[in-house]
Amino acid sequence: MTDQNSQLQQQPTFSIIVPVYQVEDYLEECLDSILAQTFTDFELVCINDGSTDGSPAILERYAQADSRMTVVHQTNAGLSATRNRGINLATGHYLLFVDSDDLISPETCQILAETITSHQPDIITFGANLFPPVSQNPYLIEMLSPRNAVYEGFTPQLLFRENSQPFACRSAFRADFLSQNSICFDQSLAYGEDALFYFVAYPQSVKTVLLSDKLYNYRISRTGSLMTSREGTGTKRINDHIEIVNRILIAWQDKKYLDKYPEWLWEWVLEFLAYDIATSSKTEQLELLLRLQLVIEPYIDASSLSKMPLMRSSQSIFRTILSTKSSSQPHISWFQLQRYRVARRLKLVREQS
């Protein structure tokens with residue numbers, strides 16, 4: 001019993017997990033921001049994911065200077081697999097993810113520790129800044145600016161109306177919560193793993209705290225980053241988004257959330273995809289609609305669609321998707337899209353009034 005108590009006492013409050021791949025120009029700045037925390041009860045777990053630049057040597061040098069830091073080297077496995085390995089190696093009560101080209105504020109762990117003492121949440125989601133300033137993005141600035149709020153249990157507003165995603169790096173997760181619910185990053189998803197992670201985690205959280213404090217500094221653009229490689233408006237990015245929807249639908253069907261909150265998820269699907277698909281060329285749109293049709297057909301049809309409490313404009317777009325045939329040229333018309341966007345804005349205004 002004494003040994004067990006001693007082990008518990010040595011368990012750090014935080015495990016900060018940093019996947020590292022080809023970031024020698026940014027890594028020292030990232031590590032310095034973590035090691036400069038005003039709250040020092042943390043371990044730093046860095047996983048070198050097969051870097052061939054100077055990143056491994058930087059990691060070893062820093063580890064020799066600070067005993068809180070652990071370095072693991074592996075052959076390249078991708079971001080999700082590397083984060084999952086960090087989860088398995090971590091010993092802290094709460095887990096934080098920091099991308100190796102980003103920074104955290106010196107008071108990050110201090111503010112999170114105070115929040116844990118006050119609320120004992122499963123998840124804490126906080127704000128983030130974008131840098132450099134020339135790369136500002138109004139949509140991301142809004143999404144990374146949550147209000148102060150506490151959610152007891154789950155309501156769809158947490159996921160669909162709060163500025164609570166994307167980027168898992170702007171959240172702290174209770175380690176036992178992740179392990180007890182078998183929550184990890186989907187290693188087969190090439191892009192959008194953070195979105196899926198939140199769609200699985202938030203509905204299972206007993207208590208979630210949102211903080212307006214901007215504790216994370218997200219580098220919006222870096223040559224060679226995964227985000228940069230997926231930028232653009234072509235079908236590649238839209239197909240990535242359709243695959244994210246596919247994985248979320250599978251996960252929500254498995255957890256029975258789709259039966260409980262159908263209108264919330266289906267409205268989000270349109271918000272996520274409709275504009276990009278509708279503004280593609282007719283040839284590209286047909287290809288995208290056919291793929292999206294295959295994704296949604298297992299869950300809705302014309303009969304079930306008419307019974308859902310969706311906006312009429314939303315139902316119209318879903319009927320177009322469900323009626324798509326390879327031999328014809330159906331498309332989401334500009335009129336359909338504008339009617340949907342106006343209806344959605346009015347709905348959001350009504351909700352806020």
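Residues numbered from 1 in each chain as written. Predicted model: local features only at pLDDT ≥ 70, side-chain atom pairs only at ≥ 80, totals over all residues. Heavy atoms only, no water.

Peer 1: Can you help me understand the overall build of the chain in this one?
Peer 2: The secondary structure content of the chain amounts to 17 helices and nine strands. Taking 353 residues into account, the globule formula puts the C-alpha radius of gyration at 20 Å, and the chain, at 22 Å, falls close to it. A principal-axis box enclosing the C-alpha atoms of the chain has dimensions of 65 × 45 × 35 Å. Taking all 353 residues of the chain together, 55% fall into the buried category. Pairs at least 24 residues apart make up 79% of the contacts formed inside the chain by residues separated by at least 6 positions. Of the side chains in the chain, 31 bear a positive and 40 a negative charge, and the two mean positions are spaced by 11 Å. (Helix = DSSP H or I, 4+ residues; strand = E, 2+ residues; numbered from the N terminus. Rg over C-alpha atoms; globule rule 2.2 N^0.38 Å. Buried < 20%, exposed > 50% of the residue type's maximum accessible area, 1.4 Å probe, protein only. Contact = heavy atoms within 4.5 Å. Lys, Arg positive; Asp, Glu negative; His and termini not counted. Charge placed at Lys NZ, Arg CZ, Asp CG, Glu CD.)

Peer 1: For this particular structure, what's the right way to read the nonpolar core?
Peer 2: Across soluble globular proteins, you tend to see nonpolar side chains buried next to one another. By size, the foremost hydrophobic cluster in this structure holds 114 residues, and its most contacted members are Phe14, Trp252, Trp266 and Ile296. Top element by residues in this core is helix 13 (residues 262–278). It accounts for 10 residues. If near-sequence neighbours (up to four positions away) are discounted, Ile296 is found in contact with Leu249, Trp266, Phe318, Ile321 and Leu322. (Core = buried A, V, L, I, M, F, W, Y, C linked by side-chain atoms within 4.5 Å.)

Peer 1: How do you make sense of helix 3 (residues 55–65) when you look at a structure like this?
Peer 2: At 3.6 residues per turn, the α-helix brings residues three or four places apart onto the same side. Turning to helix 3, its buried residues number three or more, namely Ser55, Pro56, Ile58, Leu59, Tyr62 and Ala63. Buried residues of helix 3, seen end-on, are gathered within an arc of 160 degrees and therefore sit on one face of the element. Opposite its buried face, helix 3 presents the exposed residues Ala57, Gln64 and Ala65, each directed more than 90 degrees away. On its buried side, helix 3 packs onto strand 1 (14–20), helix 2 (27–35), strand 2 (42–49) and strand 3 (69–74). (Arc of directions from axis to C-beta.)

Peer 1: Help me understand the layout of surface pockets, please; the structure alone is not making it clear to me.
Peer 2: Empty space among the atoms can be located by rolling a probe the size of a water molecule over them. The volume enclosed by the second largest pocket comes to roughly 270 Å³. The dominant element in the lining of the second largest pocket, judged by the number of residues it contributes, is helix 8 (residues 175–180), at four residues. For the lining of the second largest pocket, the residue count by class is seven nonpolar, seven polar and two charged. (1 Å grid on protein atoms, 1.4 Å probe; cavity = no way out; pocket = protein on both sides within 12 Å on 5 of 7 lines; lining within 4 Å. Points joined across faces, edges and corners; volume = space filled by probe spheres on them. Nonpolar A, V, L, I, M, F, W, Y, C, P; charged D, E, K, R; others polar.)

Peer 1: Looking at this structure, how should I read empty space enclosed by the protein?
Peer 2: Tallying each qualifying case throughout the model produces one cavity of 30 Å³ or more. The volume enclosed by the largest cavity comes to roughly 30 Å³. Tallied by class, the residues present in the lining of the largest cavity amount to seven nonpolar, one polar and no charged.

Peer 1: How do you make sense of the side chain of Glu267 when you look at a structure like this?
Peer 2: Along the polypeptide, Glu267 turns up in helix 13. Nearest to the buried, unbridged Glu267 among oppositely charged side chains is Lys347, at 4.2 Å. Leaving out residues up to four positions away in the same chain, Glu267 has contacts with Leu310, Met311, Ser314, Tyr340 and Lys347. (Salt bridge = Lys/Arg side-chain N within 4 Å of Asp/Glu carboxyl O.)

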